[in-house]
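# Structural characterization, general
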Amino acid sequence: MDNTNSVFINGIEIDTEKAYRLMRRLVIKEKINIKTKQYNDSEMVRMIKKMIEEEVQCY
Amino acid sequence: MFDKEYSFRGKHAERVIKLTSKFDNYNQLFARNIDVYIIAPIVGFLYGRKADLDKGAETTKIFAETLIKEQSNLKFNYRLIMLLDENNEPNLEERINKAFRYYSSERSKNDEELYEQYVRGGVDVLYEKLIENAKNSNDYLKNLYDFLEEFEERYNQAISTESILDLCRLARS
Amino acid sequence: MLLRRLKLKNFRQFKGEQILEFSTDSEKNVTVIMGENGSGKTTLAQAFTWCLYGDTDFEDQSMLCKAVVQTMIPNSEETVRVELDLVHNNIEYTIIREQHYTLDLRGNLKRSNSVFKIAYKNKDGQREFVKDLETDLRMKEILPKELSRYFFFDGERIGNMSKELKKGKSKEFAQAVRGLLGLSAIMAAINHLNGKSRTSVIRKYDESYDSTSDNKIAQYTKEITEYEEKIAKIDTRLEEIENEENIARDKCTDLSEKIKENAECEKLAERKEKLRRELDLLVQSKTTNTASLLKTFNKDASAYFSKKMMKDALQKLSEAEKLDNGIPDIHARTIDFLIMRGKCLCGRKIEVGDDAYNELIKVLEYIPPQSIGVSIGQFVKECELKCKYADTLFNDITEKYSLIRDFEITYAQKEVEIKLIEEKIKGMPKVGEMQKDLIKYENALRQLQVERDELNLQKGKYITLRDRRITERNELTLRDEYNRKIEVYKAYAQYMYNVLNDLYQKKEAETRVELEKNVNEIFRSIYNGGFSLKIDNNYNIQIIVNDFEGYADDVETSTAQSISVIFAFIAGVIKMARQNKNPENEMLVSEPYPLVMDAPLSAFDKKRIQTVCNVLPKVAEQVIIFIKDTDGEIAEAHMSDKVGMRYLFDKKNEFETYIVRRG
């Protein structure tokens, strides 16, 4: 983790690069979902959680 | 005469009551019965009206003290009537006697009765002119004024040739 | 996209098949459809949206022409159809929507299946149909519903927006901005991350703390949740308060305005009071004067009435030569004494029977007790005295009476004036009541503010307590590996939320400002710079007077103002939508677009109409406007060189209207 990319939220250090990647993916997913209406809100929330957890665990 | 309690009776009493009632919460045409009593005979005489005593039950009176206070006025009016009533007595001397000499004596009984007739007649005239057709409080005052105006025209204004021309002007206007 | 033709079959009051061709000429791009209110303009406008999206706002959902229904026999079927021919992306489309109706045996009208088809002309010029499953998608390409609202503007929407604008708020603006932003994906992400609903990433993480490792964590979580619920409740109430405040504020403004308008009513009421008092004074004066008159009358009436008699009596008495014959203070006793003594007062001898004696005897007649001469003398004096009183009585009374008459005339005049005022006031709402109401609402406002302040205070406390718990819980969870992980995930979610939220707010503000600018440009051209618009971040709209001197005309009705704003708004949105390279609005960029709307021209001041009529065709390449019969001349006067087609509604009766081509 590159220190210059860290930000502290609630006392936890997070990697902003990872965060941005997550955001980009999230926005695309949301956009597709708006068109297709494939997933409802709770499904989307579940998906987002999975995305975050995966990204955090990755190197 | 004019030294004891006096009562109006019957229909004349009713009329006197009306003449002395308030017509607008505050005002009345004649302040007291005596005021009617003072004026009525003059009015009765001038309008040539006499009236007999009415048998009705209603009465309204004037106290002796009140009459006595106004005695000189009453006497004066009595004298006027005696002096001028030619129908009653064509002879002037006799009228003068009735007015001045026989006043309040045994010889005046008929005259006094005549006077009372004029009183009642005058009450009738006053009632007819002032009260009879008054519909609201404004009418009373109007009737009074009209009555005075009629009087002024008839007795107190000089008739001159000018007034004849006035008629033409009136007719054209 | 350009509209070519609308074909109606039995749609609402348009009986049978009726066709409307739209002007697609580039110069004369305006189609005017004239009809009185209630003749079907709004219905026609809704025909578009029904055809394209199956939506209408009709209260009575039945589309089928009632005139047709009346002719149906039981167990028969009728169809409502609307076909819209248009050109999009160089392809000619026909959008068809059909609704079948059956009249059952009992005579009830039942709606049966509906049909939506999109037909187009393929490269070979032949007619093909878009696959049923793909029609929705194709519609989105041609004209997505979210954007359609800016191209179809019916009178009711104009009316609603107008009402909102007068109150200073506009949902339409907010929606437009969001639509123009095209950032709905980001908005969705924000909501999913930490939106107000129970389903959000962060909330889910909060709930998933493993509390077995430490009871305190569970307790803290419980408390945190409780605080958040309380905070949420306060927030809800705060929103309610804001609404209630707005309502109360509206009412206050409304009432204040009305009261100001009715300041005249108050003035009238004051005047009436003043007149009443004057009347009372008059009555008093009249009574006093009447009393005075009557007193005079009673005092001197007797003299007055007897004046003539007195004159006559005096005359008679003088005729009888009785007037001067009395000798004052001589009594009969005096005469007797003189006769007895045989000598007169002057010294002359008196003898019974001689002249002196006869004279003396005659005198007896005139002196008391026999005499009446003195009485007569007194009488004469009294006459003279009374005549004096009598002379003035009539004049006095005349004067007093004319005063009273004057009172009566003045009284009558004032009474008439009072009646007139009462008539006027009857028409006006009661200012007193309004004042009471105003006070009520002002109090309500104050109370709401107090409540709000209290709630904010409480909220602050809860937030502090909650945050403290969160920190405490964090410390605990960090000690536990599982819970620590949750914290991390949460942190990422929070960070993403913050970034996206800030981004969205920023972009929204930018777009809003841009919209404000665009709307103002168009607004200015309608108003020559007299007014401009301000939109704040809560979409509160304010109309500001810029230049008092530049705008010397009469102030317009706020209806006309609102409608100008609406025109400017539509124009602004469309302009921005086309300028945006935003992929969501892509289809708008390259093609011309139509504008179908109700145009309440007569709400405008004559000078505005010219500008509006100029602006409209510039806003969209094709303009289809509905106007009232009575505005027809106005439209002709200002737009005639742009009008390519004219139609007229011919309303036969409540259930039948025909569209007739004009000129």
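Everything quoted here is computed from the prediction, not taken from an experiment.

## Description of the overall build of chain A
If you tally the helices and strands in chain A, you get two helices and two strands. Taken from the N to the C terminus, the helices and strands of chain A come in the order β-β-α-α. Counting every position in chain A, which comprises 59 residues, the buried fraction comes to 20%.

## With respect to the overall build of chain C
Scanning chain C from N- to C-terminus turns up 20 helices and 14 strands. Here chain C holds 663 residues, and the buried ones make up 32% of them. The contacts in chain C between residues at least 6 apart in sequence include a share of 72% that link residues at least 24 apart.

## Examining the packing of helix H1 (residues 16-36) of chain A against helix H2 (residues 41-57) of chain A
Residues and elements named next belong to chain A. Direction vectors running N to C along H1 and H2 enclose 155 degrees, while the axes themselves pass 10 Å from each other. In terms of their interaxial angle, H1 and H2 are classed as roughly antiparallel. When you trace H1 past H2, the crossing you get is right-handed. Taken together, the residues of H2 that come into contact with H1 (itself represented by Lys18, Arg21, Leu22, Arg25, Leu26, Lys29 and Asn33) are Met44, Met47, Ile48, Met51, Ile52 and Glu55.

## Some remarks on the interface of chain C and chain A
Interfaces are often sized by the accessible area lost when the parts come together. With 23 residues of chain C at the contact, the number on the chain A side is 23 residues. Broken down by element, the side of chain C that touches chain A gets its largest block of residues, 11 residues, from helix H16 (residues 481-527) of chain C.

## Digging into the nonpolar core
Grouped together as the largest cluster of nonpolar side chains are 111 residues, with contacts concentrated most on Tyr492(C), Ala493(C), Met496(C) and Val573(C). With 13 residues, H16(C) is the single largest residue contributor to this core. Apart from the residues within four sequence positions on either side, Ala493(C) is in contact with Ile52(A), Leu193(C), Val201(C), Ile202(C) and Tyr205(C).

## Brief notes about the pairing of strand S13 (residues 643-653) of chain C
All names here are of chain C. As paired elements, strand S3 (residues 30-34) and S13 share five bridges and run parallel to each other. Along S13, the bridge assignment pairs Met34 with Leu648. Turn length for the S13-strand S14 (residues 656-662) hairpin, with the two strands adjacent in sequence and antiparallel, is two residues.

## Examining the interface of chain C and chain B
With 28 residues of chain C at the contact, the number on the chain B side is 31 residues. Here the side of chain C that touches chain B gets nine residues from one element, more than from any other, and that element is helix H14 (residues 373-427) of chain C. Partitioned by chemical class, the residues of the side of chain C that touches chain B number 15 nonpolar, six polar and seven charged.

## Description of the pairing of strand S10 (residues 541-545) of chain C
Sheet topology places strand S9 (residues 531-535) of chain C next to S10(C); five bridges connect them, and they run antiparallel. Bridge pairing in S10(C) links Lys534(C) to Gln542(C).

## Observations concerning the confidence of the model for chain C
Residues and elements named next belong to chain C. The pLDDT averaged across chain C works out to 80; a share of 88% of its residues lies at or above 70. Of all the helices and strands in chain C, helix H18 (residues 586-590) carries the lowest mean pLDDT, 51, while strand S1 (residues 2-11) carries the highest, 91. Here residues 550-555 is a poorly scored stretch, pLDDT under 50, and it has six contacts once near neighbours within four places are set aside; other chains count. Two summary scores accompany this predicted model of the complex, namely pTM at 0.47 and ipTM at 0.90.

## A short note on the environment of Asp467(C)
Residues and elements named next belong to chain C. Tracing the backbone shows Asp467 in helix H15 (residues 431-479). Note on Asp467: 13 C-beta atoms within 10 Å, which makes it partly exposed. Between the C-alpha atoms of Asp467 and Ile224, which are 243 residues apart in sequence, the distance is 8.0 Å.

## Regarding the environment of Lys575(C)
Relative to the assigned elements, Lys575(C) resides in helix H17 (residues 558-579). Judged by the 19 C-beta atoms lying within 10 Å of it, Lys575(C) is partly exposed.

## What about helix H10 (residues 263-305) of chain C?
If you check H10(C), its first and last C-alpha atoms are 58 Å apart, about what 43 residues at 1.5 Å a residue would give, namely 63 Å. Along its length, H10(C) shows its largest kink, about 50 degrees, at Lys299(C).

## Quick notes on helix H1 (residues 10-19) of chain B
Turning to H1(B), its buried residues number three or more, namely His12(B), Ala13(B), Arg15(B), Val16(B) and Leu19(B). Summarising the axial view, the buried residues of H1(B) lie within an arc of 165 degrees, below the 170-degree limit, and thus occupy one face.

## Quick look at unusual backbone geometry
Negative phi values dominate among residues other than glycine, just as trans dominates among peptide bonds. In this structure, Phe2(B) takes a positive phi of about 60 degrees despite not being glycine. Mapped onto the elements of the fold, Phe2(B) is located in the segment before strand S1 (6-9). Unlike most non-glycine residues, Asn89(C) shows phi in positive territory, near 55 degrees. With respect to the element layout, Asn89(C) can be found in the loop between strand S4 (76-88) and strand S5 (91-103). The class of Asn89(C) is exposed, set by 11 C-beta atoms lying within 10 Å.

Scoring rules and cut-offs
Residues numbered from 1 in each chain as written. Chains lettered and ligands numbered in written order. Predicted model: local features only at pLDDT ≥ 70, side-chain atom pairs only at ≥ 80, totals over all residues. Helix = DSSP H or I, 4+ residues; strand = E, 2+ residues; numbered from the N terminus. Buried ≥ 20, exposed ≤ 12 C-beta atoms within 10 Å, placed from the backbone. Contact = placed C-beta atoms within 7 Å. Axes fitted to C-alpha atoms, helices over the stretch in contact; angles between N-to-C directions. Parallel < 35°, antiparallel > 145°, perpendicular 65-115°, else oblique. Left-handed = near helix turned anticlockwise from the far one by under 90°. Core = buried A, V, L, I, M, F, W, Y, C linked by C-beta atoms within 7 Å. Pairing = 2+ DSSP bridges. Nonpolar A, V, L, I, M, F, W, Y, C, P; charged D, E, K, R; others polar. pLDDT = per-residue confidence, 0-100. Expected span 1.5 Å × (residues − 1). Bend = angle between axes of the 7 residues up to and from the residue. Arc of directions from axis to C-beta.

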